[in-house]
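Observations on the model geometry
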Amino acid sequence: MSDIADLTRRMRTFTEARDWARFHDPKSLALALVGEVGELAELLQWLQHDEQATAVREQPLNGRLAEEMSDVLLYLLRLADVVGVDLAQAAADKLEANERRFPPVCPSERGASQGVGAPIRSVTPRRRGRARIVGRPARTASA
């Protein structure tokens, strides 16, 4: 059994033993996940760039980061379980798609195309249009 499958099973058992499944609808789990990501971000929010590398490896910050990242992972696993997503397979599929979409660039090509000392451009593609909220009518010029 994979680590993800084992953690998912343990999270499901934990939830069922406490009768919490009735609170674990997709929207509630997504909102709880967002809250935990916020707590994780809060730990890193005001760290100066030059102190981050050391601070994140030292206690008590490292322990707090581990706790919050665990909360994020567990809520994500629970959400995937509730909506029927094989998270390990979905992640493998996404990584494979990204490997095809964003082939590696060797350092010599990067320097040649951007010039030495030029800032590295983002490899993240721009969104093609805005996301639409399902169930909400589009705005019109008169609105």
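Conventions we followed
Residues numbered from 1 in each chain as written. Predicted model: local features only at pLDDT ≥ 70, side-chain atom pairs only at ≥ 80, totals over all residues. Heavy atoms only, no water. Helix = DSSP H or I, 4+ residues; strand = E, 2+ residues; numbered from the N terminus. Buried < 20%, exposed > 50% of the residue type's maximum accessible area, 1.4 Å probe, protein only. Contact = heavy atoms within 4.5 Å. Core = buried A, V, L, I, M, F, W, Y, C linked by side-chain atoms within 4.5 Å. Expected span 1.5 Å × (residues − 1). Patch = residues over 30% accessible without salt bridge, like charges linked within 9 Å, V, L, I, M, F, W, Y side chains within 5 Å. Areas by Shrake-Rupley, 256 points an atom, 1.4 Å probe, with all protein chains shown as cover. Salt bridge = Lys/Arg side-chain N within 4 Å of Asp/Glu carboxyl O. Arc of directions from axis to C-beta.

Re the overall build of the protein chain
Of regular secondary structure, the protein chain possesses 6 helices and 0 strands. For the protein chain, the α and β elements follow one another from N to C terminus as α-α-α-α-α-α. The buried share among the 143 residues of the protein chain stands at 13%. By sequence separation, contacts in the protein chain at least 24 residues apart represent 62% of the contacts at least 6 residues apart.

Some words on the nonpolar core
Ranked by size, the top nonpolar core spans 5 residues in total: Leu40, Leu47, Ala55, Leu61 and Leu65. Leu47 has contacts with Gln52, Ala55, Val56 and Leu61, leaving out every residue within four places of it along the chain.

Re helix α2 (residues 26-44)
Between its terminal C-alpha atoms α2 stretches 27 Å, which fits the 27 Å expected from 19 residues at 1.5 Å a residue. Next to the buried residues of α2 lie α4 (61-83).

Things to note about unusual backbone geometry
For the bond running from Gln59 to Pro60, omega is 5°, close enough to zero to count as cis. The phi dihedral of Asp19 is positive, around 60°, even though this residue is not glycine. Judged by its relative accessible area of 44%, Asp19 falls in the partly exposed class.

Notes on a nonpolar patch on the surface
A contiguous nonpolar surface patch, about 300 Å² in accessible area, is contributed by Phe14, Trp20 and Phe23. With respect to the helices and strands, the residue Phe14 is situated in helix α1 (residues 3-17).

Overview of α1
In this model, α1 (15 residues) spans 21 Å end to end at C-alpha, consistent with the 21 Å of a helix rising 1.5 Å per residue. Along α1, the residues that are buried comprise Thr8, Met11 and Thr15. Seen along its axis, α1 keeps its buried residues to an arc of 65°; they face one direction. Structural note: α1 exposes Asp3, Arg10, Glu16 and Ala17 on the side pointing more than 90 degrees away from its buried face. As for α1, its buried residues are in contact with α4. Asp19, located one to two residues past α1, shows a positive phi value of around 60°.

Looking at the environment of Lys27
Mapped onto the elements, Lys27 comes out in helix α2. Expressed as a C-alpha distance, the spacing of Lys27 and Leu79, which sit 52 residues apart in the sequence, is 8.9 Å.

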